[in-house]
Amino acid sequence: MGLNKKSSFVLFISFLFLLLTMGCQMQPTAVVENDGNLERRSFSKIDFKSPIDFKRAVIVDVRSRFDYEMSKLPRSFHVFWKDWDLSGYTEAALQGKGRALQRQLSLHGVDPLTQVVILGNGLLGQGEEFFMATVLHRLGIKRISIISQEKVKKALTSKENLPLTNLPSWNQKVLPATYECSETIYGDLKFLQADYIILSKNDKKKENVFSPAEIFDKNLNVLSRSWIKKKNLIISSPQSFWAYGLASALYEQGREVCLHTDH
């Protein structure tokens, strides 16, 4: 009897194992791969230091219309930042605005693989270069550089620049805002909450307030300094775009950043 009971028990366990195996085969486990760094890796393609082939690159000039007309560069076109502002657009409206801007880019010889160079006034401006780099990234441009006034002399002396030509229209889904604050906070409340505040005229005697020259060098590279040991940083640059430049540098370091520029 003991042997029969043991045999019955082994048979029962084997049958149960067989049922479980069949169940697993009937309902295979779905493998889901989540790439939480996809947007971060995509944004890291913005490179402010790569060599520039002025014969083929397209220059986006964010200086004033007057400065652009007075010293127009080969293979360049002028943009006014407000015409390219994507803030406030959501869902279908965002994609519609994006398609219109992508068409403008194609008319100036720009597609997602074109090397785009952004020219501005550097530390004498308001950081428009950083704002435009962020917008172009969201529109799908993958090769973006920023050029200083000194480096632009190379473009002026180049004698074999190819003329800009229209490209076929292209359409790519517009990326969401990378690091803008989810809750808009205005005025003094935002000023007090920010970890870093960048003002074109640093007349505020506070530890967290900096001028652009204290954050960026003349080529608009972020200076080496000790940053607050905090994962989520709030960066503000009232009435300017300097926060975009600092945010992009800290974002590539793996920091979570939130910015508001009041523009």
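Below is a short write-up of the structure. These figures come from a predicted structure and were not determined experimentally. (Residues numbered from 1 in each chain as written. Predicted model: local features only at pLDDT ≥ 70, side-chain atom pairs only at ≥ 80, totals over all residues. Heavy atoms only, no water.)

Points about the overall build of the chain
Turning to step 1, where the next piece is worked out: On a plain count of helices and strands, the chain comes out with nine helices and eight strands.
Turning to step 2, where the next piece is worked out: Burial status across the chain gives 42% buried among its 263 residues.
Turning to step 3, where the next piece is worked out: A sequence separation of at least 24 residues applies to 70% of the contacts in the chain between residues at least 6 apart. (Helix = DSSP H or I, 4+ residues; strand = E, 2+ residues; numbered from the N terminus. Buried < 20%, exposed > 50% of the residue type's maximum accessible area, 1.4 Å probe, protein only. Contact = heavy atoms within 4.5 Å.)

Let's talk about the packing of helix α4 (residues 91–107) against helix α5 (residues 128–139)
To characterise two packed helices, one gives the angle between the axes of the helices and the distance between these axes.
Turning to step 1, where the next piece is worked out: Where α4 contacts α5, the two axes come as close as 10 Å, and the packing angle between them is 100°. The orientation of α4 with respect to α5, classified from their angle, is roughly perpendicular. Counted together, Leu94, Gly98, Leu101, Gln102 and Leu105 of α4 and Leu136, Arg138 and Leu139 of α5 form the full contact between these two elements.
Turning to step 2, where the next piece is worked out: Grouping the constituent residues of the contact of α4 with α5 by class yields five nonpolar, two polar and one charged. (Axes fitted to C-alpha atoms, helices over the stretch in contact; angles between N-to-C directions. Parallel < 35°, antiparallel > 145°, perpendicular 65-115°, else oblique. Nonpolar A, V, L, I, M, F, W, Y, C, P; charged D, E, K, R; others polar.)

A closer look at the sheet that holds strand β8 (residues 256–260)
Hydrogen bonding along the main chain pairs the strands of a sheet, whether they run parallel or antiparallel.
Turning to step 1, where the next piece is worked out: Across the sheet, four strands lie side by side as β6-β5-β7-β8; this open sheet has parallel pairing. Of all strands in the sheet, those bounded by a partner on one side alone are β6 (209–210) and β8.
Turning to step 2, where the next piece is worked out: Direction of pairing for strand β7 (residues 232–236) relative to β8: parallel, over a ladder of five bridges. The partner of Ile235 across the bridge, within β8, is Leu259. (Pairing = 2+ DSSP bridges.)

So, the nonpolar core
A general tendency of soluble globular proteins is for nonpolar side chains to be buried together.
Turning to step 1, where the next piece is worked out: The biggest cluster of nonpolar side chains holds 46 residues, and the ones touching the most others in it are Leu105, Ile235 and Leu246.
Turning to step 2, where the next piece is worked out: Ignoring sequence-local partners within four residues, the contact set of Ile235 consists of Tyr196, Ala243, Leu246, Ala247, Leu250, Val257, Cys258, Leu259 and His260.
Turning to step 3, where the next piece is worked out: Core analysis: the second largest hydrophobic core is formed by eight residues, Ala57, Ile59, Val117 and Leu119 among them. (Core = buried A, V, L, I, M, F, W, Y, C linked by side-chain atoms within 4.5 Å.)

Here we look at the pattern of salt bridges
Turning to step 1, where the next piece is worked out: Using the criterion set out here, one finds two salt bridges in the structure.
Turning to step 2, where the next piece is worked out: A salt bridge links Arg63 to Asp61; the shortest N-O distance between them is 2.8 Å. Just as Arg63 is buried, Asp61 falls in that class too.
Turning to step 3, where the next piece is worked out: Arg65 is the salt-bridge partner of Glu69, the closest N and O atoms lying 3.2 Å from each other. Here Glu69 pairs with Arg65, and both are found in helix α3 (residues 65–70), just four residues apart, close to one helical turn. (Salt bridge = Lys/Arg side-chain N within 4 Å of Asp/Glu carboxyl O.)

Thoughts on the environment of Ala249
Turning to step 1, where the next piece is worked out: Among the secondary structure elements, Ala249 is positioned in helix α9 (residues 242–252).
Turning to step 2, where the next piece is worked out: In this structure the C-alpha to C-alpha distance between Ala249 and Val222, which are 27 residues apart in sequence, comes to 7.1 Å.

Quick notes on the pairing of strand β1 (residues 58–61)
Turning to step 1, where the next piece is worked out: Here β1 shows no split at all, with Val58 and Val60 on one side and Ile59 and Asp61 on the other all buried.
Turning to step 2, where the next piece is worked out: Handedness of the β-α-β unit built from β1, α3 and strand β2 (residues 76–78) comes out right-handed. (Right-handed = clockwise from strand over helix to strand, strands pointing away.)

Focus on the pairing of strand β3 (residues 115–119)
On any regular strand, side chains alternate: one points to one face of the sheet, the next to the other face.
Turning to step 1, where the next piece is worked out: Counting buried residues in β3 gives five out of five residues, a clear majority hidden from the surface.
Turning to step 2, where the next piece is worked out: Of the two faces of β3, both are covered, the one formed by Gln115, Val117 and Leu119 as well as the one formed by Val116 and Ile118.
Turning to step 3, where the next piece is worked out: Taken together, the five bridges between β3 and strand β4 (residues 143–147) define a ladder with parallel strand orientation. Of the residues in β4, the one forming a bridge with Val116 is Ile144.
Turning to step 4, where the next piece is worked out: As for the winding sense of the linkage, the β-α-β connection from β3 through α5 to β4 is right-handed.

Some details on α5
Turning to step 1, where the next piece is worked out: Taking 1.5 Å per residue as the helical rise, α5 with its twelve residues ought to reach 16 Å, and the 17 Å between its terminal C-alpha atoms agrees with that figure.
Turning to step 2, where the next piece is worked out: Counting buried positions over the twelve residues of α5 gives twelve, a clear majority of the element.
Turning to step 3, where the next piece is worked out: With its phi angle positive at about 110°, Gly140 sits one or two positions after the end of α5. (Expected span 1.5 Å × (residues − 1).)

A short note on unusual backbone geometry
Turning to step 1, where the next piece is worked out: One non-glycine residue, Glu91, lies in positive phi territory at about 50°.
Turning to step 2, where the next piece is worked out: Its relative accessible area of 68% is what places Glu91 among the exposed residues.

A word on the environment of Leu175
Turning to step 1, where the next piece is worked out: Note on placement: Leu175 falls in the loop between α6 (152–157) and α7 (187–193).
Turning to step 2, where the next piece is worked out: Given the relative accessible area of 28%, Leu175 is considered partly exposed.
Turning to step 3, where the next piece is worked out: It is 9.3 Å that separates the C-alpha atoms of Leu175 and Val135, two residues lying 40 residues apart in sequence.

Distances and angles like these do not, on their own, reveal function.
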